[in-house]
Structure formats: C-alpha cells, structure tokens
Amino acid sequence: MYNAHLTKDYTVRGLLGKATDDFCEDGRLVEKTTYDHVTREKLDRILALIQGSHQKALVKYSNLDLQTQEAYEMAVRGLIRPMSKSPMLITGIRCLHFAPPEFLLEVQCVHETQKQLRRLVHEIGLELKTSAVCSQVRRTRDGFFTLDDALLRTYWDLHSIQDAIQAAAPRVAAELEKNSRPRLGT
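Notes on the structure follow.

A few words now on the overall build of the protein. The helix and strand tally for the protein stands at four helices and seven strands. Dimensions of the protein along its principal axes, counting C-alpha atoms only, are 50 × 50 × 25 Å. Burial status across the protein gives 39% buried among its 186 residues. Sequence-distant contacts in the protein: of pairs separated by 6 or more residues, those separated by 24 or more amount to 68%. Here the protein has roughly 11300 Å² of accessible surface; of this, 53% comes from carbon and sulfur atoms. Distance between charge centroids for the protein: 3 Å, based on 26 positive and 24 negative side chains.

In structure tokens:
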C-alpha cells in the first residue's frame, strides 16, 4: 500500500497572531502579530495559490505526459499521483471555518508529516502578512480508510482487529488492483 502513494485527508486548525519555535500553539512564543487585516477572501486566495503550485509539482512527480488525452482525463478526475517518493504534495486545500483568530482547513496530501502540516499553517500566516500557529492536526482519511473504519480504543483487542482486517481485505485488494494498473507516460 505504501507504494500506491494514496492521499490522506486532514483537518488542520490554525490560530492567527502567534508564532512559536515549533509551529504548535503550545510551543515557545517567538512573536505576536496583529491579524485584523486578514479576511476569508485573502485566506482563500492564498490557499488557491498553494494548491496551484502543488498541482504543478504533482504533475512533475507523476511522470505523465499531459499531452495525451488519457493523461489529461486522469488529471481532470484527480487520479494523478507521484510515482516515487516526493516532497509533501497538496492535492487539495480549502478553508472550512474562518472566525479570527481561528481557522480550520481541510487538506488532502501525500508524503506529509505532521511537522510539515504545522509549518504549512505558519507559512500561510506569513503569506497573510501576520503569523499563525497550528493548534490541531487530525487525520480523517488515509488512502481509502476513513474515520468510519477506525476502531474505538475499547475494541483494541486481537479478535476485533482480526475482524476489521478481514472485513477490509476485499476493499483493500480491489483498491490496490485499481492503483497498480500500468501508468501512462512511463
């Protein structure tokens, strides 16, 4: 599954007006800034620029020739993925909630770390001519597994885990088969 380079979805909560040494809300405070000039429209504009630059990088790392009709159709359907290890690539990003100083983003990406997602919030703050820290990162989807597939902690026992694996096996096999078909342009 690792080599399938499946996307993950996150909700990322940010807080405007603070900068810390580790990009976390509870890190050592480095700077306080004003944020009353930040609007939802400005935030959406920055998010669109970020997504656009990452889309270009995604095409580069996918090794696809977008001159073909089939590759173009894959791009339109959002089926392009990197063929090998790449830097963090954002396939989608949008603001779900904006109530300064707080904001909530939905981020779809590949090859990310939590630190990179926290740094993303920091960089968004800088682009908005303020500062921002990350107050929460929550993974909501990993490949084709969603929160509905997660086991509650009370079910973390051998029998429940085996049942969950057996229930997911046909879906995993089908998805891996779909993702292992020969790629265009390679």
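Next, the rest of the story.
This part covers the environment of Pro 100. In this fold, Pro 100 is placed in the loop between β4 (89–99) and β5 (102–110). Measuring from C-alpha to C-alpha, the distance between Pro 100 and Val 38 comes to 8.1 Å, with 62 residues separating the pair along the chain.

Below, the discussion takes up the pattern of salt bridges. Overall, the coordinates contain seven salt bridges when judged by the stated rule. Note that Asp 44 and Arg 40 form a salt bridge whose closest N and O atoms lie 3.4 Å from each other. Note that Asp 44 and Arg 40 are positioned in helix α1 (residues 40–62) at a spacing of four residues, about one turn of the helix. Relative accessible area serves as the criterion here: at 32%, Asp 44 is assigned to the partly exposed category. Classification of Arg 40 by relative accessible area gives partly exposed; the value is 30%. The salt bridge involving Glu 106 is made with Arg 94; its shortest N-O contact spans 2.7 Å. Placement of the pair is Glu 106 in strand β5 and Arg 94 in strand β4, with a sequence separation of twelve residues.

Our focus in this paragraph is the pairing of β5. Among the nine residues of β5, eight are classified as buried, and the element is accordingly described as predominantly covered. Across eight bridges, strand β1 (residues 8–16) lies against β5 in antiparallel orientation. Across the sheet, residue Val 12 finds its bridge partner in β5, namely Leu 105. Bridge count between β4 and β5: nine bridges; the pairing is antiparallel. Pairing of Ile 90 across the sheet is with Cys 109, part of β5.

As a further point, take the packing of aromatic side chains. Enumeration over the complete set of coordinates arrives at one aromatic pair. Here Phe 144 and Phe 145 contribute two aromatic rings whose centre-to-centre distance is 5.1 Å and whose plane-to-plane angle is 40°, an arrangement assigned as tilted. By relative accessible area, Phe 145 is classed as partly exposed at 24%.

Our next topic: the state of the cysteines. In this structure the tally under the stated criterion is zero disulfides. Free cysteine: Cys 134, not disulfide-bonded; nearest cysteine sulfur from Cys 24 at 6.4 Å. With a relative accessible area of 3%, Cys 134 lands in the buried category.

What counts and how
- Residues numbered from 1 in each chain as written.
- Predicted model: local features only at pLDDT ≥ 70, side-chain atom pairs only at ≥ 80, totals over all residues.
- Heavy atoms only, no water.
- Helix = DSSP H or I, 4+ residues; strand = E, 2+ residues; numbered from the N terminus.
- Buried < 20%, exposed > 50% of the residue type's maximum accessible area, 1.4 Å probe, protein only.
- Contact = heavy atoms within 4.5 Å.
- Areas by Shrake-Rupley, 256 points an atom, 1.4 Å probe, with all protein chains shown as cover.
- Lys, Arg positive; Asp, Glu negative; His and termini not counted.
- Charge placed at Lys NZ, Arg CZ, Asp CG, Glu CD.
- Salt bridge = Lys/Arg side-chain N within 4 Å of Asp/Glu carboxyl O.
- Pairing = 2+ DSSP bridges.
- Phe/Tyr/Trp six-rings, centres within 6.5 Å; stacked < 30°, edge-to-face > 60°.
- Disulfide = S-S within 2.5 Å.

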